Amino acid sequence: MGITLSRAAQWTTASSNIGKLEFTPMNELLLKEILSFVEEFSSQHPQQAEHVFKEPLQWTTTLVASDFKTDYDIRLSQEKDSEGHPLLLLSPPNVYVRSFSQLCKLVHLTNDKKLEEVRACLEEEEEHKDTDDKVKLFLLLQNLDKQLLIKQVELNPAAVKNEVEMLKRSCGNGESRLLKSIQYTSDYEFSNGCRAPPWRQVHGEICYLVIEPCDSETLYITCSTAGVFLNRVSNYSSFIQNYLDYFYLVSLLKSKSPQFDCAVQELPSTQKIQHVESVDAEEQGQPQRSYEQQEKNVHEKARQQHTANKAGGKMKYEPCPRWKDLGLKCPPGYEENRGGLEERPCSFSECLFNVSLSLFLLLCVSPFHSFILFLKISSSVQIRRAIVEMGGLQSIVKIVDSEEEELMALAAETIAIVARFPKARRTVRQYGGIKKLVKLLDCVSNLANLSVRQEKDVEIARCGTLALWSCSKSTRNKDAIRKAGGIPLLGRLLKSPHESMLIPVVGTLQECASEESYRIAIQTEGMIKDLVKILGSDNDELQMHCASAIFKCAEDKQTRDLVREYKGLQLLVSLLSKADNKHLLAAATGAIWKCSISMENVAKFGEYNALEVLVNLLTDQPEEVLVNVVGAVGEFAQIPENKATIRRCGGIKPLVNLLTGTNQALLVNVTKAVGACATDMDNMVIIDQLDGVRLVWSLLKNPSADVQSSAAWALCPCINNAKDAGEMVRSLVGGLELIVNLLKSTNNEVLASICATIAKIAKDKENLAVLTDHGVVPLLAKLTNTTDDRLRRHLAEAIGHCCMWGSNKALFGEAGAVAPLVCYLKSKDSSVHQSTAMALYQLSKDPNNCITMHEKGVVKPLIHIMGSDEEMLQEAAAGCVRNIRLLALANRKVQLFY
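About the cut-offs
- Residues numbered from 1 in each chain as written.
- Predicted model: local features only at pLDDT ≥ 70, side-chain atom pairs only at ≥ 80, totals over all residues.
- Heavy atoms only, no water.
- Helix = DSSP H or I, 4+ residues; strand = E, 2+ residues; numbered from the N terminus.
- Areas by Shrake-Rupley, 256 points an atom, 1.4 Å probe, with all protein chains shown as cover.
- Phe/Tyr/Trp six-rings, centres within 6.5 Å; stacked < 30°, edge-to-face > 60°.
- Buried < 20%, exposed > 50% of the residue type's maximum accessible area, 1.4 Å probe, protein only.
- Salt bridge = Lys/Arg side-chain N within 4 Å of Asp/Glu carboxyl O.
- Pairing = 2+ DSSP bridges.
- Core = buried A, V, L, I, M, F, W, Y, C linked by side-chain atoms within 4.5 Å.
- Contact = heavy atoms within 4.5 Å.
- Axes fitted to C-alpha atoms, helices over the stretch in contact; angles between N-to-C directions.
- Parallel < 35°, antiparallel > 145°, perpendicular 65-115°, else oblique.
- Nonpolar A, V, L, I, M, F, W, Y, C, P; charged D, E, K, R; others polar.
- Polar contact = N/O pair within 3.5 Å; in protein donor to acceptor, adjacent residues only side chain to side chain.
- Left-handed = near helix turned anticlockwise from the far one by under 90°.
- pLDDT = per-residue confidence, 0-100.
- Arc of directions from axis to C-beta.

- The chain appears in an unreviewed UniProt entry as Armadillo repeat containing 4 from Sphaeramia orbicularis.

**Quick notes on the overall build of the chain**
- Looking only at helices and strands, one finds 50 helices and eight strands in the chain.
- Summing over all exposed atoms, the chain offers an accessible surface of approximately 41,200 Å²; the carbon and sulfur share of this is 50%.

**Quick notes on the packing of aromatic side chains**
- Taken as a whole and assessed by the stated rule, the structure comprises six aromatic pairs.
- Plain terms: the ring middles of tyrosine 188 and phenylalanine 190 are 4.9 Å apart, the flat faces sit at 90 degrees to each other, and that makes the pair edge-to-face.
- Residue class for tyrosine 188 comes out exposed when judged on its relative accessible area of 54%.
- The class of phenylalanine 190 is partly exposed, set by a relative accessible area of 26%.
- Through a chain of ring-to-ring contacts, the aromatic side chains of Phe37, Phe41, Phe53 and Phe100 assemble into a single cluster.

**Quick notes on the pattern of salt bridges**
- Inspection of every chain in the model, using the stated rule, returns 26 salt bridges.
- Of the charged contacts in the structure, one is a salt bridge between lysine 114 and glutamate 39, with a shortest N-O distance of 2.9 Å. Of the two residues, lysine 114 is situated in helix H6 (residues 114-123) and glutamate 39 in helix H2 (residues 25-44); the sequence distance between them amounts to 75 residues.
- A relative accessible area of 22% places lysine 114 in the partly exposed class.
- In this structure glutamate 39 comes out as partly exposed when scored by relative accessible area, which is 25%.
- In this structure, arginine 200 engages glutamate 205 in a salt bridge whose closest nitrogen and oxygen atoms are separated by 2.7 Å. Just as arginine 200 is buried, glutamate 205 falls in that class too.
- Within the structure, one salt-bridge network assembled from shared partners comprises Glu727, Arg730, Asp764 and Glu766.

**Section: the pairing of strand S2 (residues 88-91)**
- Examined bridge by bridge, S2 and strand S3 (residues 94-99) share four bridges and lie antiparallel to one another. Across the sheet, leucine 89 pairs through a bridge with tyrosine 96, a residue of S3.
- As consecutive antiparallel partners, S2 and S3 are separated by two residues.

**Concerning the nonpolar core**
- Within the largest apolar cluster, 190 residues are counted, with the highest numbers of intra-cluster contacts made by Ile415, Leu437, Trp697, Leu700, Leu780 and Phe812.
- With near-sequence residues (within four places) excluded, leucine 437 lies in contact with Val400, Ala412, Ile415, Val428, Gly464, Ala467, Leu468 and Cys471.

**Here we look at the sheet that holds S2**
- With antiparallel pairing, three strands are arranged side by side in an open sheet as S1-S3-S2. With one partner strand each, in any of the chains shown, strand S1 (52-60) and S2 form the two edges of the open sheet. The sheet shows a mean angle of 15 degrees between the axes of neighbouring strands, taken without regard to direction.
- Bridge count between S1 and S3: five bridges; the pairing is antiparallel. In the sheet register, threonine 60 faces S3, and the bridge partner there is asparagine 94.
- On top of the sheet, helix H5 (residues 100-109) reaches S1, S2 and S3; it is set at about 135 degrees to S3, its chief contact.

**Description of the packing of helix H8 (residues 157-168) against helix H10 (residues 249-256)**
- Contact geometry of H8 with H10 gives a least axis separation of 10 Å together with a crossing angle of 45 degrees. Judged by the angle between their axes, H8 and H10 are oblique. From H8, Glu163, Val164 and Leu167 reach across to H10, where they touch Leu249, Val250 and Leu253.
- Looking at the contact of H8 with H10 residue by residue, the classes come out as five nonpolar, no polar and one charged.

**Quick look at the environment of aspartate 479**
- Checked against the element boundaries, aspartate 479 lands in helix H21 (residues 475-483).
- The class for aspartate 479 is partly exposed, based on a relative accessible area of 29%.
- It is 8.8 Å that separates the C-alpha atoms of aspartate 479 and glutamate 515, two residues lying 36 residues apart in sequence.

**Regarding the side chain of asparagine 231**
- Locating asparagine 231 in the fold gives a position in the loop between strand S7 (227-230) and strand S8 (244-246).
- Assessed through its relative accessible area of 7%, asparagine 231 is described here as buried.
- Looking at asparagine 231, its side chain comes within polar contact range of the side chain of threonine 222, at 3.0 Å.

**Considering H6**
- The buried fraction of H6 amounts to seven of the 10 residues, a majority that puts the element mostly inside the structure.
- For H6, every residue scored as buried is listed here: Glu117, Val118, Arg119, Ala120, Cys121, Leu122 and Glu123.

**A few points about the packing of helix H16 (residues 392-399) against helix H17 (residues 405-418)**
- Their axes nearest at 8 Å, the elements H16 and H17 cross at an angle of 145 degrees. The hand of the H16/H17 crossing is left-handed. Between H16 and H17, the residues in contact are Leu393, Ile396, Val397 and Ile399 and Leu407, Met408, Ala411, Thr414, Ile415 and Val418, respectively.

**A word on the environment of phenylalanine 100**
- Of note, phenylalanine 100 is situated in helix H5.
- The sequence separation of phenylalanine 100 and alanine 49 amounts to 51 residues, and the corresponding C-alpha distance is 4.7 Å.

**Overview of the side chain of asparagine 767**
- On the secondary structure map, asparagine 767 appears in helix H42 (residues 765-773).
- For asparagine 767, a relative accessible area of 1% puts it in the buried group.
- Within polar-contact distance, the side chain of asparagine 767 engages the side chain of arginine 730 at 3.4 Å.
- Among residues more than four places away in sequence, those in contact with asparagine 767 are Gly726, Val729, Arg730, Leu736 and Ile761.

**A few points about unusual backbone geometry**
- Backbone torsion omega between proline 92 and proline 93 reads 5 degrees, so that peptide bond is classified as cis.
- Considering the arrangement of structural elements, one finds proline 93 in the loop between S2 and S3.
- The phi torsion at aspartate 691 lies on the positive side, around 60 degrees, for a residue other than glycine.
- Checked against the element boundaries, aspartate 691 lands in the loop between helix H36 (681-689) and helix H37 (692-698).

**Section: the confidence of the model for the chain**
- For the chain, mean pLDDT is 79; residues scoring 70 or higher make up 78% of the total.
- Taken element by element, the predicted model of the chain shows its lowest mean pLDDT in helix H12 (residues 291-309) (34) and its highest in helix H35 (residues 664-677) (96).
- Throughout residues 233-243 the model reports pLDDT below 50, and contacts reaching past four residues in sequence, or to other chains, amount to 32 contacts.

**Brief notes about H36**
- Among the residues of H36, those classed as buried are Asn683, Met684 and Ile687. End-on view of H36: buried residues confined to an arc of 100 degrees, all on one side of the axis.
- The inward-facing, buried residues of H36 abut helix H33 (640-648), helix H34 (652-657), H35, H37 and helix H38 (705-721).
- A positive backbone phi angle near 60 degrees is found at aspartate 691, which sits one or two residues after H36.

**Side note on the environment of lysine 161**
- Within the secondary structure layout, lysine 161 lies in helix H8.
- The contacts of lysine 161, once residues within four sequence positions are left out, are Tyr184 and Glu189.

Structure, rendered in structure tokens:
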């Protein structure tokens with residue numbers, strides 16, 4: 001009804017839903033249809049007709065007491081609602097009706113005043129609160145709404161032509177004119193009455209108009225069977241898209257021309273433009289389309305309208321406003337936030353929304369006949385969002401701590417379905433839903449041999465866990481669950497023997513395990529043992545969630561050790577046989593990857609032939625599986641014997657092939673695995689033959705800093721173990737320039753890896769000369785003020801090797817690199833001491849650098865380092881001190897001479 005009244009009915013004011021109905025043929029048709037529906041309602045739907053409204057329909061009537069028959073009046077006094085209110089009350093000039101049964105009887109009494117009573121009722125409706133048992137009644141009313149809409153949803157050439165001709169009569173040059181002009185864009189009229197080209201008629205277009213209002217710019221309009229559209233552009237060959245739509249030209253002109261709107265309002269009723277009733281399609285000789293086709297077109301047009309409104313702000317939907325007396329009342333503030341919706345037919349999705357909204361509004365009256373239906377319709381994403389937008393989720397959260405146990409479970413289960421997008425999850429938290437849901441988890445401690453009462457408690461806990469699972473995708477909700485005491489309760493439920501309980505429990509834990517606080521709690525609460533035990537179940541979904549939880553928790557070494565201790569490694573390897581289940585395979589390979597970070601676990605995996613199985617998974621797998629498989633292979637390759645196993649199983653080629661991918665996480669793991677394999681000379685030969693070094697080098701151009709650093713680290717063993725490393729590097733056009741340019745990066749990991757690569761490249765004199773020409777010396781010197789020990793170590797190593805060419809030693813001194821290097825000797829990292837001592841030794845071969853070192857007090861720490869057990873470190877420190885002393889002795893001799 002609201003669709004028809006707001007779209008097809010004509011009102012005397014500019015606002016379509018407020019005021020008086022105009023006396024037009026269209027309105028007369030609508031009133032007759034509604035009257036016919038009311039008169040037949042009692043006979044066709046007797047049960048719904050007796051339904052009592054909580055608040056009566058009321059309007060100013062023309063009836064008086066004498067219009068009621070004696071027998072009817074006597075019987076009326078006995079018909080009252082549960083609170084003693086009469087179902088029909090005449091209090092002139094008002095009448096109050098509380099059921100459709102009484103409304104039907106009242107209409108039959110009015111004789112020739114029937115249409116006047118219907119008109120008065122529609123014009124003077126008041127808003128009322130919800131009532132019980134209304135779903136079927138509402139659907140019946142909505143069915144009437146749709147039937148009326150179907151009759152009005154299409155325009156046809158005759159109706160458009162009549163309206164255009166009437167508007168033409170209002171054009172002219174006088175002051176009383178409504179428009180300056182209205183013209184068709186084409187003078188040719190086809191036999192069916194259309195003026196649009198045939199190839200546009202198939203899209204429902206009838207004609208195109210150019211209208212010049214008196215007070216606004218020229219309007220370019222498309223008339224189609226779906227409505228009247230205001231074009232955004234004047235190109236009529238374009239599709240009807242991104243337009244504003246109306247059902248009548250007058251409605252469009254009212255919204256675009258204030259003068260036209262004002263002039264129409266001031267006209268006497270006998271002079272107002274009368275809209276012609278739509279002619280039935282069959283009368284025009286056109287095949288009448290089915291309801292399904294009409295509904296599809298209405299839905300499509302609404303979709304186009306939604307696209308047009310995206311730029312102007314969020315689109316707001318509203319329920320049928322003319323049936324608020326039957327319980328479809330908007331929440332406070334909703335009307336003010338509707339936004340500027342234009343008059344248009346209701347789409348199918350909006351009809352679904354109206355149903356979902358009505359069901360939500362019934363929750364406070366009939367929450368049980370409502371939650372069941374709620375669960376059925378909430379599978380729609382749009383309906384879930386509508387529930388949240390209309391404030392429905394807040395009411396559901398309030399019911400979670402209801403005294404009715406079944407109601408608590410249904411509310412929690414509904415939250416589990418609705419809370420699948422951020423705003424819904426945030427709403428649950430903000431209205432205290434997390435704490436309420438966590439309380440539902442506090443059921444019996446022993447989950448075996450339950451009584452009937454205990455089974456109900458466990459079912460409530462299961463529903464609460466389902467809701468928490470949905471909510472746990474939010475980081476703040478994870479923290480709220482932890483603060484509400486959810487972790488130990490989840491740990492208790494983890495011991496349940498029932499899979500229906502375990503799936504949401506483990507699902508929630510694996511979702512929350514992305515947070516360090518949860519990983520620590522899962523470990524300390526002893527849940528690793530339970531997770532490993534559940535890995536042995538026959539349920540694939542349960543195994544997947546368990547493996548995913550271990551995957552996230554195994555970042556911690558103690559957790560990795562516990563998984564091995566509880567015999568979980570073999571169970572994880574056994575899951576690799578379920579290669580058809582990609583989600584399970586991704587979780588299992590992820591858990592194996594993280595567990596293999598511990599070399600003790602790698603050795604244990606070797607007993608189960610895990611590496612051979614993983615190598616076979618390097619091809620024909622989705623990326624989420626490949627990332628984990630390659631990560632695990634990279635960890636396995638840290639053990640020398642596994643490098644040979646990878647080669648023997650044919651794993652080198654698929655690894656090199658994966659270097660051409662685009663997934664950054666996969667590229668990071670692949671380069672690490674290739675680098676680990678390259679430390680074996682036989683593997684390096686294969687990598688070189690497959691052009692693997694060039695592929696790795698090309699990844700230095702990748703925009704990801706992680707990929708850049710991983711590729712640079714992989715290049716180090718490749719260069720170190722290549723048969724002719726110098727020539728291999730020189731064959732890469734632009735490769736050395738790319739390396740030098742990466743010294744300008746702001747990422748310390750990239751800088752450290754590039755410095756390590758430069759140290760390897762600089763061992764070849766020709767390549768070192770090229771690096772020097774590209775300005776490697778000042779860029780390295782610029783980095784020496786870093787406090788990052790990892791970068792310090794590889795930077796000092798790179799500087800030491802770059803000193804081997806020409807005047808680079810002196811250039812480093814001039815660039816201010818020496819003094820910061822002396823400070824590196826104060827680091828607590830012994831590896832920094834070794835690379836720094838070697839760099840200082842090379843720099844000390846320049847006299848000026850020796851002076852700088854002596855001034856910065858380098859001798860004392862070097863003497864201390866000379867006592868190290870590292871022979872190379874001893875020699876470097878001693879060599880540096882010797883060069884400083886030789887310079888000092890030479891300087892003294894010169895002073896004595898003079």
